[in-house]
Every structure is written in C-alpha cells, then in structure tokens.
Amino acid sequence: MTERNATPLRSVPEAEVSPEQAAHDAEGQELFDRIIAEDSRIEPRDWMPAAYRKTLLRQISQHAHSEIIGMQPESNWITRAPSLKRKAILIAKVQDEAGHGLYLYSAAETLGQGRDQMMEDLIAGKAKYSSIFNYPAVTWADMGAIGWLVDGAAICNQVPLCRASYGPYGRAMVRICKEESFHQRQGFEILLELSNGTPAQKKMAQDAVNRWYAPALMMFGPPDEDSPNSKQSMAWNIKRFSNDELRQRFLGMMVEQAKVLGLTLPDEDIRYNEETGKWEHGPLDWDEFKNVLKGQGPCNAQRMERRREAHAEGAWVREAAAAYAAKQAQKESAA
Ligand code: FAQ
C-alpha cells in the first residue's frame, strides 16, 4: 500500500502554473501513478490528473442519469402489474434504481461537480444517459426482458466497476450490484412464468426478448475499435475490460439462461469460437445506436419530457428541504 501524505495534494485547473505548483503536481502525479500501478484506490482528497477527474465525472454522471431515466420504462407498468405481488416487486425495483442514481450523484459530487449542475445538464439535454432507456416497454413481458437482459447486461458491466480505482465509485458499485442481481432474477422469473404459461404468454415473452436483445448488447458501448475512451480508462483501472470483452461474456451467460427459459435469442449467428474461447454474435445496427445517442431513438423525446416534468413537480420538495436545512443551521449556530 502506498503511504499517503498527511496533507492532501490537490490538483488545480490547468492555468498558469507556478514553479511551486509544478513541483507539487509532479509529486502528486508520482504518487497517483504508484497508487494506480499497485492497483490501490484514489480517494477524493488525493491529487489526481485533471483528465482522470474529468473521465470519472463523465462516466459516473452518465451512469447516474441512466439510473434515473431508467426508472421510466418500468414505472409506466406499476399501475398495470398483473398482481399485487408483481406490483410490490416492481415498485421496489424502481425505487432501487432511484437509490442507485443517488449513490452515483454522491460519488460524482466528491469530484467537485454539484448535483444541481448535473441535473441541469441532463434536463438541458447536454448530458448522456444509456441508449437502452430510449426503447419502449410495450407489454408486461418487457418487465421480464428488461430485468433479464438489461439488468443482466448492467451486472456484467458493473461487477468489474466494483474494483474501479476511484474509491467512492467502486464502493457505490458494490451496493448497486447486489441490488441489480435481485433485479435480474426477478426479470428471469417473470419470463420463466410467461414461458411456461399459455401459448399467448409464451409468445409475448419471446416477442419482448426479440425486441430487447440487440439494444441490450449495444448497451456495452461501441465496438473496441470505435471506443475512444476505453484504452485510457483501462490504463487508469476505471474500466477493467473492454466493451467487446464484456459484451461477449454477457452473451455466453444469456445463451445458457435462454435454454432454461425455453426462449430463443433472436440471432442465428451466435456461436462459441473454440479458437478464441469467446462468444460471437451477429451484426449489430450501430447506425441505430448512433441515432439513439443523437436523441433520435423511439423514446428519447418522451423520456426527456417526463424528466423535465418530474423535476418541475419536485421543485417544492427541494425548496422545503433547503428551507428546513437553513432553519436547522440557524438553530445550531444560535445554540
Ligand atoms: N449509451 O469510448 P466509449 C442500468 C458513449 S445502468 C449512451 O466506449 P466509455 C441499470 C460514451 O459515453 C446503465 N452512450 O465510452 C438499470 C462515449 O461518449 P462521451 C448505464 C454510450 O465511457 C437497469 C461514447 O459513447 N450503465 O442499466 C453508450 O469508455 C434497468 C464512446 O464510448 C453505465 O453507465 C450507451 N450504451 O464506455 C437501471 C455503466 N455506450 O462520454 C434501470 C458505467 C457508450 O465520450 C433499469 N459506464 N456511450 O461523450 C460504463 O461502463 C461506460 O461509460 C460505457 C461506455 C461502457 C457505457
């Protein structure tokens, strides 16, 4: 373990740098490099390169926004869940996603970005969130497919992030992954029940899997050769595996689970390549992915509109919380 200085070293914005600051930064960089090389953790008060801070903020805030926007496709089904039990489970799941968003905004705040600013960026349409949440959930079986495929992909991507080099992110991910595992199981169980139900129910389950399969594979991000951030993020031990490595690992898991479900993955080209020891899938429509990122997916406009409405409707809660905090602070300072 690398020993830290008692006084935290802080990176400063790139401006005019004095010789003292340059020496300080060189010392900070050396310590940072050592911590990364020994696969230890960077904490909020440690010196870190500006680009490392920026990358983390980009990824963590996008991730937080995804959790918050990701509540929408499923929350639309809470009032239409087929039983009280299913409704209770779905409410719990959607609440978990809100909690994930909050842990992640808190982790991002430790990097110096205010939550209000992050939310403003989302509402202004300046911030990204996961492509997957721009697809519609059209039947109850979509609750199964989202849990099984979307949460399944999220787990595959996020378990390695529990070891991310930035402490607050890695620790938030541990808790998130535990909950995502429950989410995936509940989705699997919905599909299993539908698959073993009437022919119409089985058809509905298969149809949902057919629609969510390719978007779920694309959640992992562009192919490695088109992923500008992966190399540096892996060198900094933020990402541990490339987008394609995780995608193929996910595919292998799904192939086995689909057999238990009695459903088919809509891809005739899936195969296990004995030579590389990797799973391969058929072609994915990366133009569709790019269009979704540009805001032209089937539900982008609807998701943003709903988020803006919810933000406006919640204004009184934020005002009340701020007024209460001010009152408490006044009481404390008077005491
Ligand atoms: N959607 O160079 P890379 C969940 C962007 S949470 C939108 O490969 P990177 C739980 C990327 O940001 C799901 N944009 O980027 C749940 C970059 O643009 P930028 C969210 C995407 O960062 C379940 C550009 O493309 N999970 O599902 C996507 O190294 C059910 C180039 O890409 C996370 O955020 C995409 N799919 O790798 C909730 C996990 N892919 O920023 C509710 C953490 C790529 O330069 C219900 N994030 N882009 O403008 C990550 O692991 C990474 O950020 C990746 C992208 C893998 C998403």
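Cut-offs used in this document
- Residues numbered from 1 in each chain as written.
- Predicted model: local features only at pLDDT ≥ 70, side-chain atom pairs only at ≥ 80, totals over all residues.
- Heavy atoms only, no water.
- Axes fitted to C-alpha atoms, helices over the stretch in contact; angles between N-to-C directions.
- Helix = DSSP H or I, 4+ residues; strand = E, 2+ residues; numbered from the N terminus.
- Parallel < 35°, antiparallel > 145°, perpendicular 65-115°, else oblique.
- Left-handed = near helix turned anticlockwise from the far one by under 90°.
- Contact = heavy atoms within 4.5 Å.
- Nonpolar A, V, L, I, M, F, W, Y, C, P; charged D, E, K, R; others polar.
- Near = heavy atom within 4 Å.
- Polar contact = N/O pair within 3.5 Å; in protein donor to acceptor, adjacent residues only side chain to side chain.
- Areas by Shrake-Rupley, 256 points an atom, 1.4 Å probe, with all protein chains shown as cover.
- Salt bridge = Lys/Arg side-chain N within 4 Å of Asp/Glu carboxyl O.
- Buried < 20%, exposed > 50% of the residue type's maximum accessible area, 1.4 Å probe, protein only.

It is at 10 Å that the axes of helix α6 (residues 141-158) and helix α10 (residues 243-261) come closest, and there the two elements cross at 140°. With respect to their mutual orientation, α6 and α10 come out oblique. The crossing of α6 and α10 is right-handed. Between α6 and α10, the contacting residues are W148, L149, G152, A153, C156 and N157 on the first element and L246, R249, F250, M253, M254, Q257, A258 and L261 on the second. Taken together, the residues of the contact of α6 with α10 sort by class into 10 nonpolar, 3 polar and 1 charged.

Here the focus is the site of the ligand. Close to the ligand lie 36 residues; Q62, K128, S227, K239 and N243 are nearest. Side-chain polar atom of R58 to an oxygen atom of the ligand: 2.8 Å apart, as the coordinates give it. At 2.9 Å from an oxygen atom of the ligand is found a main-chain nitrogen or oxygen belonging to N229. For the ligand, whose accessible area on its own is 1,100 Å², the fraction buried by protein is 91%. Secondary structure elements with two or more residues in the shell around the ligand: α2 (50-69), α4 (84-109), α6, α7 (167-195) and α11 (286-293). Looking at which element gives the most residues to the shell around the ligand, the answer is α2, with 6 residues. Counted by class, the shell around the ligand contains 13 nonpolar, 14 polar and 9 charged residues.

With that settled, consider the pattern of salt bridges. Here the structure, examined in full by the defined rule, presents 15 salt bridges. In this structure, the salt-bridge partner of D142 is R211, at a minimum N-O distance of 2.7 Å. Of the two residues, D142 sits in helix α6 while R211 sits in helix α8 (residues 199-218), which places them 69 residues apart along the sequence. Taking relative accessible area as the criterion, D142 reaches 0% and is therefore assigned buried.

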